[in-house]
Structure formats: C-alpha cells, structure tokens
Amino acid sequence: MYVMPFLKEEDAIGVVEIILILVVLISLVIIFKKQLTSLVNSILSKITTQSNSI
C-alpha cells in the first residue's frame, strides 16, 4: 500500500555523492596515515601486554 510511492521516490543517494564520500575518507586516511598507524600499534601493544598479565 505505502511501498510503491516509496519505491518510485528518486531522492536516494546518488553515485556521485558516494564517490565524493569515498574520496574524502581515502584522503583523510592518506593524510593521517602516520598518526593512525601509531595509534593502532599502541592499542595493539596495550592489548598484548594486558592479555599477557591475565
């Protein structure tokens, strides 16, 4: 009953918007690559040291 108007609606996210979002995310990862890797390494080292103490 209410499904057909919803399916005919064309206000969905377009391909261009998805591509722009991906470009922004990838560029952020490239810009902050060093900080992200150091953060992940410190988190993993804390996990391993705390798991060894258990």
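Residues numbered from 1 in each chain as written. Predicted model: local features only at pLDDT ≥ 70, side-chain atom pairs only at ≥ 80, totals over all residues. Heavy atoms only, no water.

Thoughts on the overall build of the protein
Assigned secondary structure in the protein consists of three helices and zero strands. In the protein, the order of α-helices and β-strands from amino to carboxyl end is α-α-α. Counting the 54 residues in the protein, one finds 0% classified as buried. Of the accessible surface of the protein, which amounts to about 5,500 Å², a share of 73% is contributed by carbon and sulfur atoms. (Helix = DSSP H or I, 4+ residues; strand = E, 2+ residues; numbered from the N terminus. Buried < 20%, exposed > 50% of the residue type's maximum accessible area, 1.4 Å probe, protein only. Areas by Shrake-Rupley, 256 points an atom, 1.4 Å probe, with all protein chains shown as cover.)

Regarding the packing of helix α2 (residues 15-31) against helix α3 (residues 33-53)
Between α2 and α3, the shortest axis-to-axis distance is 5 Å and the interhelical angle comes to 75°. Relative to α3, the element α2 lies roughly perpendicular. Contact with α2, carried on its side by V29, I30 and I31, involves K33, Q35 and L36 of α3 and no other residues of that element. Residues belonging to the contact of α2 with α3 are distributed by class as follows: four nonpolar, one polar and one charged. (Axes fitted to C-alpha atoms, helices over the stretch in contact; angles between N-to-C directions. Parallel < 35°, antiparallel > 145°, perpendicular 65-115°, else oblique. Contact = heavy atoms within 4.5 Å. Nonpolar A, V, L, I, M, F, W, Y, C, P; charged D, E, K, R; others polar.)

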